[in-house]
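Here are the chains, one letter per residue:
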Amino acid sequence: TAGHDSDTPEMLCVVTLRFPELPDPPLCDLVRSGYFRSVLSLGLRAVRRLFNIVSWAEGIEQEILAGRPAVRLEGLAVLPSQQGQGIGSRALQHWLSEMVDVQGLLALATTQEERNLPFYRRLGFELVRDALYAPGGFQSWFLLRSPVGR
């Protein structure tokens, strides 16, 4: 967070990582959180397409990892007005250094934007696979980062 013209802090960046030892949330927690309601609001056809895409991507991730534990970068977002200032790079580098490298884990990232590849490469990720999801007509790039200092 950072203050601008006021004393009110503003969230500039969000990084979401999923660690391998974390179990999937229990069904009752998903129900209580409203997850199913929000997903179903998309419609059953859209939910089916979403599950097909997730299944496709997870299959590729399993091939890449071959049973090795890895932290998955699930999301990285920076306010549009703050992009290009190194905020996302610093935030992700912090978590990679302090949480991922310390545990000696691989880090896996996926992007559907080719323009993001240099960003991930600067942080030590290497492109390990690109794949076309034919039913949706979009490309995905899968990147892997070895722990630094190991």
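In the block above lies the structure referred to throughout.
What to know about the side chain of Arg145
Here comes step 1: Within the element layout of this structure, Arg145 appears in strand S7 (residues 138-145).
Here comes step 2: Given a relative accessible area of 2%, Arg145 falls into the buried group.
Here comes step 3: At 2.7 Å, the side chain of Arg145 forms a polar contact with the side chain of Asp101.
Here comes step 4: Polar side-chain contacts of Arg145 include one of 2.9 Å to the backbone oxygen of Leu123.

A look at the nonpolar core
Here comes step 1: Core analysis: the largest hydrophobic core is formed by 17 residues, its most contacted members being Leu92, Val100, Tyr120 and Phe125.
Here comes step 2: When residues of this core are traced back to their parent elements, those giving at least two are strand S4 (70-78), helix H4 (87-101), strand S5 (106-111), helix H5 (117-122) and S7.
Here comes step 3: Ignoring anything within four residues of it in the chain, the contact list for Leu92 reads Val15, Leu17, Leu73, Leu76, Phe119, Tyr120 and Leu123.

Thoughts on H4
Here comes step 1: With 15 residues, H4 ought to run about 21 Å at 1.5 Å a step, and its terminal C-alpha atoms sit 20 Å apart, in line with that.
Here comes step 2: Listed as buried for H4 are Ile87, Gly88, Ala91, Leu92, Leu96, Val100 and Asp101.

Overview of the pattern of salt bridges
Here comes step 1: Taken as a whole, this structure holds 5 salt bridges when the rule is applied.
Here comes step 2: Across the pair Glu61 and Arg72 runs a salt bridge, and its minimum N-O distance is 2.7 Å. Of the two residues, Glu61 is situated in helix H3 (residues 44-65) and Arg72 in strand S4; the sequence distance between them amounts to 11 residues.
Here comes step 3: Relative accessible area serves as the criterion here: at 25%, Arg72 is assigned to the partly exposed category.

Cut-off values and rules
- Residues numbered from 1 in each chain as written.
- Predicted model: local features only at pLDDT ≥ 70, side-chain atom pairs only at ≥ 80, totals over all residues.
- Heavy atoms only, no water.
- Helix = DSSP H or I, 4+ residues; strand = E, 2+ residues; numbered from the N terminus.
- Buried < 20%, exposed > 50% of the residue type's maximum accessible area, 1.4 Å probe, protein only.
- Polar contact = N/O pair within 3.5 Å; in protein donor to acceptor, adjacent residues only side chain to side chain.
- Core = buried A, V, L, I, M, F, W, Y, C linked by side-chain atoms within 4.5 Å.
- Contact = heavy atoms within 4.5 Å.
- Expected span 1.5 Å × (residues − 1).
- Salt bridge = Lys/Arg side-chain N within 4 Å of Asp/Glu carboxyl O.

Everything listed is a geometric property; what it means functionally is a separate question.
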